[in-house]
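If you want the building blocks of each chain, they are given just below.
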Amino acid sequence: MNVMSQTWVAIGDLTEIPVLGARCVKNGDMTIAVFRTADDQVLAIEDKCPHKNGPLSQGIVHDNCVTCPLHNWVISLETGRAQGADEGSVRVFPAKQEDGKVYLALTV
Amino acid sequence: MTRQKLVVVGNGMAPGRMLEHLFTLAPDTYDVTIFNAEPRVNYNRLMLSPVLSGEKTYEDIITHDDAWYADNGIILHKSAKVSGIDRGAKTVTSENGITASYDKLVIATGSSPFIIPLPGKDLDGVLTYRDLDDVEKMLVAAKSGGRAIVIGGGLLGLEAAAGLKMQGMEVTVLHLMPTLMERQLDPAAGYLLEAEFVRRGIEVRTKANSHEILGTEDGKVRGIKLDDGTIIEASIVVMAVGIRPSTDLAKATGLDVNRGIIVADDMRTSDPDIFSLGECVEHRSMCYGLVAPLYEMAEVIASNLTGGSSTYTGSVTATKLKVTGVDLYSAGDFAEGEGREEIVLRDGAAGIYKRLVLKDNRIIGAVLYGETSDGPWFFDMLKKGTDVSVMRDTLIFGQAYQGGDPLDPTAAVAALPDDAEICGCNGVCKGKIVTAIKDKGLTTLDDVRAHTKASASCGTCTGLVEKLMTATLGDAFNPQAVKPVCGCTHHSHDEVRRLIKVKGLKTIPAVMQELEWTTSQGCAKCRPALNYYLVCDWPDEYADDYQSRFINERVHANIQKDGTYSVVPRMWGGMTSSKELRAIADVVDKYNIPAVKCTGGQRIDMLGIKKEDLPGVWEDLGKAGFVSGQAYAKGLRTVKTCVGSDWCRFGTQDSTGLGIKLEKFMWGSWTPAKLKLAVSGCPRNCAEATCKDIGIICVDSGFEIHFAGAAGLDIKGTEVLGLVKTEEEALEYVVALAQMYREQGHYLERIYKWAKRIGLDEIRQQIMDDAEKRQGYFDRFVFSQKFAQVDPWSERVSGKDKHEFKPMAAFSLEAAE
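Residues numbered from 1 in each chain as written. Chains lettered and ligands numbered in written order. Predicted model: local features only at pLDDT ≥ 70, side-chain atom pairs only at ≥ 80, totals over all residues.

Enquirer: Describe in detail the overall build of chain A, supporting the description with residues and values.
Expert: Across its full length, chain A holds zero helices and 10 strands. Ordered by position from N to C terminus, the α and β elements of chain A give β-β-β-β-β-β-β-β-β-β. Within chain A, the fraction of its 108 residues that count as buried is 50%. Taking the intrachain contacts of chain A between residues at least 6 apart in sequence as the baseline, contacts between residues at least 24 apart amount to 42%. (Helix = DSSP H or I, 4+ residues; strand = E, 2+ residues; numbered from the N terminus. Buried ≥ 20, exposed ≤ 12 C-beta atoms within 10 Å, placed from the backbone. Contact = placed C-beta atoms within 7 Å.)

Given below as structure tokens:
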């Protein structure tokens, strides 16, 4: 059988991600940026701005959005959609934290 | 009908409430036996804090006294901890040998405080804060005075801290997170709470990680050691970091247990004759630690014990801190999110912060600080899912404001009498302001400030003055003429900088609260600006907020279009050596750096470095004596020089030497925007000093200082500041100029724009003619450098911000079979 299914994968402790910051998770060729908000939600999106592939994990986080470090596009961490007048979107991955551990839903 | 036998394990608030309901519904159904591990009747645990603070006594907080148990025919076994349940025989046995049989059993073992497994946790004087025994121990300890350390800045920890302080102890709160009560409050409210505790004389240390509890030889607590090596002396340590459901008994009995004892919606455990409620249960993956959900569970069990079929479906909870004089209320979900809107009301002077989070025109979360009387009203609408669209505009002002006539604030100000005081700091009344506006034809806020001093000090009356101007001038006055920093505030950069100093604001949450920011966290525009202003104004006290810095200033390299980085080490004054060049060559080979380029600032740029290689690159460069060139900083970049009198046949002074001195003196300083310098050894100007932010042209008679040049988007030759005779003077004047710009510039405003705004004459006057001012600027720059001149590369090689450079985890895709 060859079934692709989503599984929660533990990626580390919440404390390893700075508040209003992000860490990267490499999944094969893809990099996923895992963000931690002011109230300790974790949100994960592909680390690739829809504009010119900027590393979103390196941006400034505010209001559950991140401002891309290359050209200041603002991307929602929840929907992956560009905010304001810009159009484009990036993949979103389910993420959660439980008792200080961070989990990412990955297709394995 | 014979009565059934009901046994209750635990005598807390939840089973107490459950029994009350039970006796109301069906008074004669059960004979009740209670096993209580504590030696008491039932009391209100929520009221422990007033007992600790001395505002109430134990007797005041008893909810069910001995008579109540007797009246209802309850057998209460005190100090009887249950040791086993036999589900086959349907009996319960306690440690002291009492056995009771049941038809229905209720487990309400509650929770126990979480003990951090620190060395020294078993010392005499390490306490928790859970029941009356704990409170009594604290009261005894408080009698002998000294310092109490409370670990945990959550609800319980803060109540304990406030109580111990009222009992006369010195108190320090240690909290792991950056702000207090971070689970219930957003950072803005957390800041206000911390300020209030500090005002009460309670020391609050956030981001404080305990390392070890220190003891005396005879096993008593003597203090605590933090991870950073700090030692705080103390006679007691109270751990208030959280609770965990007490599930040992249920587990031993073979019931399904996860984090808590698992119950279904009917509050039955995996055994249909055994119910459970309170803090020990887990319902739909949730464990509750607040009283409201426990009461709801109590009602459901009482009904189901008497043949009903009630269900519990989970609770939305609200939190209130029970410290006298601190008004704080939070409820629901106040996270940011898609489709959510927030309404923020801040009153800096009164210390009020209110924030409502709305989704689809319904309140889903509320945080109130300073004024909480509308908390229950908001909470009620939250629970009911009331559509608030009709009152959205005035919702935040509370219930009393709804339905009345809308108040026109300008009309209210216009109606004030002439002798009403507008500006308390400078004692300016309304009549004086209105007269000045009319007689002198004032049209801007700055004019009014200059002529009357109204709102020129703390600035909290700015809104009033503006409304007065609107009332006096009509449409001729447009307060929006001042360009705000960003959409999060109505204050301009100048106002923000002035108020940071006047009000002594030293953190980003403090600025946002006191200056009434309209968002809870700011944005990518205002946060870096605030961070710079605070770094500049409080160099020794402010802790740089890295998450408010652009990536380049966080990782100390320049991000490139493909997400790789470039690294530029300092080459002081543009000088280098074979040893340095060899080290660079080795680094380029070792890390396969694809491109090496000479920069316009006389240094070498290595491009295309992977982020995870940065620490290694720096380490190797550091070994060769290099430090970061800060080619990414809103701060001092390069000092470009020509070879000067050392080599050049036209050179008049040692321009290279002066350049190196300037760079070594000024490196590491943060400035509003990048700052590039140059020193040319003669007026032929080979170092191109006349298009730099600050430039020096050496001449026979001394050093001509230039500034405010530009060679980027704008091209502009420099202006002359003045001529000085010696190298020492040149350094002093340049440094003073840089400091003046640091203190007055708007974030991202280059020096030429600042100079245009301030006026060249004003700058020349302060730096060239006013020795006292110049000295002041110079001294402040030198002071600030004490904290700024730390090489960021070597800091990171030795481990700082490790998390920035490595992926958190890596998975490789497995081949499909």
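Enquirer: Could you give an account of unusual backbone geometry, naming the residues involved and the relevant values?
Expert: Residues and elements named next belong to chain B. Phi at asparagine 361 is positive, roughly 65°, even though this residue is not glycine. Mapped onto the elements, asparagine 361 comes out in the loop between strand E26 (352–359) and strand E27 (362–369). For asparagine 361, a count of 13 C-beta atoms within 10 Å corresponds to the partly exposed category. Of note, the phi angle at alanine 708 is positive, near 65°, even though the residue is not glycine. Mapped onto the elements, alanine 708 comes out in the loop between strand E37 (702–707) and strand E38 (710–711).

Enquirer: Help me get a handle on the pairing of strand E6 (residues 82–86) of chain B, residues and values and all.
Expert: Residues and elements named next belong to chain B. Pairing geometry for E6 and strand E7 (residues 91–94), over four bridges, is antiparallel. Bridge pairing in E7 links valine 82 to serine 94. Between the antiparallel neighbours E6 and E7 lie four residues, among them lysine 90 with a positive phi of about 55°. (Pairing = 2+ DSSP bridges.)

Enquirer: Tell me about the sheet that holds strand E11 (residues 126–128) of chain B, and name the residues and values.
Expert: Residues and elements named next belong to chain B. Overall, parallel pairing links the five strands, which are arranged E11-E18-E12-E13-E14 in an open sheet. Looking at which strands have only one partner, the edges of the open sheet turn out to be E11 and strand E14 (203–205). Neighbouring strand axes in the sheet, compared pairwise and without regard to direction, differ in orientation by 20° on average. With four bridges joining them, strand E12 (residues 147–151) and strand E18 (residues 236–239) adopt parallel strand pairing. From the neighbouring strand, alanine 148 faces E18, where its bridge partner is isoleucine 236. (Axes fitted to C-alpha atoms, helices over the stretch in contact; angles between N-to-C directions.)

Enquirer: So, the pairing of strand E9 (residues 95–98) of chain A: which residues are in play, and what are the values?
Expert: All names here are of chain A. Alignment of E9 against strand E10 (residues 101–107), held across four bridges, turns out to be antiparallel. Paired with glutamine 97 across the bridge in E10 is valine 102. Where E9 folds back on E10, the antiparallel hairpin that results is connected by two residues, among which aspartate 99 adopts a positive phi of roughly 50°.

Enquirer: I'd like to hear about the environment of Val617(B), residue by residue, with values.
Expert: Residues and elements named next belong to chain B. With respect to the helices, strands and loops of the structure, valine 617 is situated in helix H19 (residues 614–623). The exposure class of valine 617 is buried, given the 23 C-beta atoms found within 10 Å. A C-alpha to C-alpha distance of 9.4 Å links valine 617 and tryptophan 793, two positions 176 residues apart in sequence. With residues near it in sequence (within four places) discarded, valine 617 still touches Val567, Val587, Tyr591 and Ile609.

Enquirer: Describe helix H18 (residues 578–590) of chain B, listing the residues and the values that go with them.
Expert: Helix length check: H18(B), at 13 residues, gives a terminal C-alpha distance of 18 Å against a target of 18 Å (1.5 Å per residue), a fit within 8%. One or two residues past the end of H18(B) sits Asn592(B), with phi positive at roughly 50°. (Expected span 1.5 Å × (residues − 1).)

Enquirer: I'd like to hear about helix H12 (residues 445–452) of chain B, residue by residue, with values.
Expert: Residues and elements named next belong to chain B. The set of residues buried in H12 consists of Leu445, Val448, Arg449 and Thr452. Mapping the buried residues of H12 onto a view down its axis gives an arc of 100°, with all of them on the same face. On its buried face, H12 is in contact with strand E29 (428–429), helix H11 (430–440) and helix H13 (462–473). The first or second residue beyond H12 is lysine 453, which carries a positive phi of 70°. (Arc of directions from axis to C-beta.)

Enquirer: Please give an account of the UniProt feature "binding site: siroheme" (unreviewed entry) in chain B that cites residues and values.
Expert: Residue and element names in this part refer to chain B. UniProt records the feature "binding site: siroheme" (unreviewed entry) for Cys686 in the present numbering. Among the secondary structure elements, cysteine 686 is positioned in the loop between strand E35 (675–680) and strand E36 (694–699). Judged by local crowding, cysteine 686 falls into the partly exposed class, with 18 C-beta atoms found within 10 Å. (UniProt positions renumbered as here; feature names shortened; annotations may be inferred.)

Enquirer: Summarise the interface of chain A and chain B; cite the residues concerned and give the values.
Expert: Taken together, the 38 residues of chain A in the interface contact 31 residues of chain B. When residues of the side of chain A that touches chain B are traced back to their parent elements, those giving at least two are strand E1 (6–13), strand E2 (21–27) and strand E5 (60–62) of chain A. Top contributing element to the side of chain A that touches chain B by residue count: E2(A), with six residues. With three bridges connecting them, E2(A) and strand E41 (residues 809–811) of chain B associate as parallel partners. Paired with Val25(A) across the two strands is Ala809(B), which belongs to E41(B).

Enquirer: Break down the sheet that holds E7(B) for me, citing the residues and quoting the values.
Expert: Residue and element names in this part refer to chain B. Sheet architecture is open: three strands sit in the order E6-E7-E8, paired in antiparallel fashion. Of all strands in the sheet, those bounded by a partner on one side alone are E6 and strand E8 (99–101). Pairs of neighbouring strands in the sheet enclose a mean axial angle of 20°, with direction left out of account.

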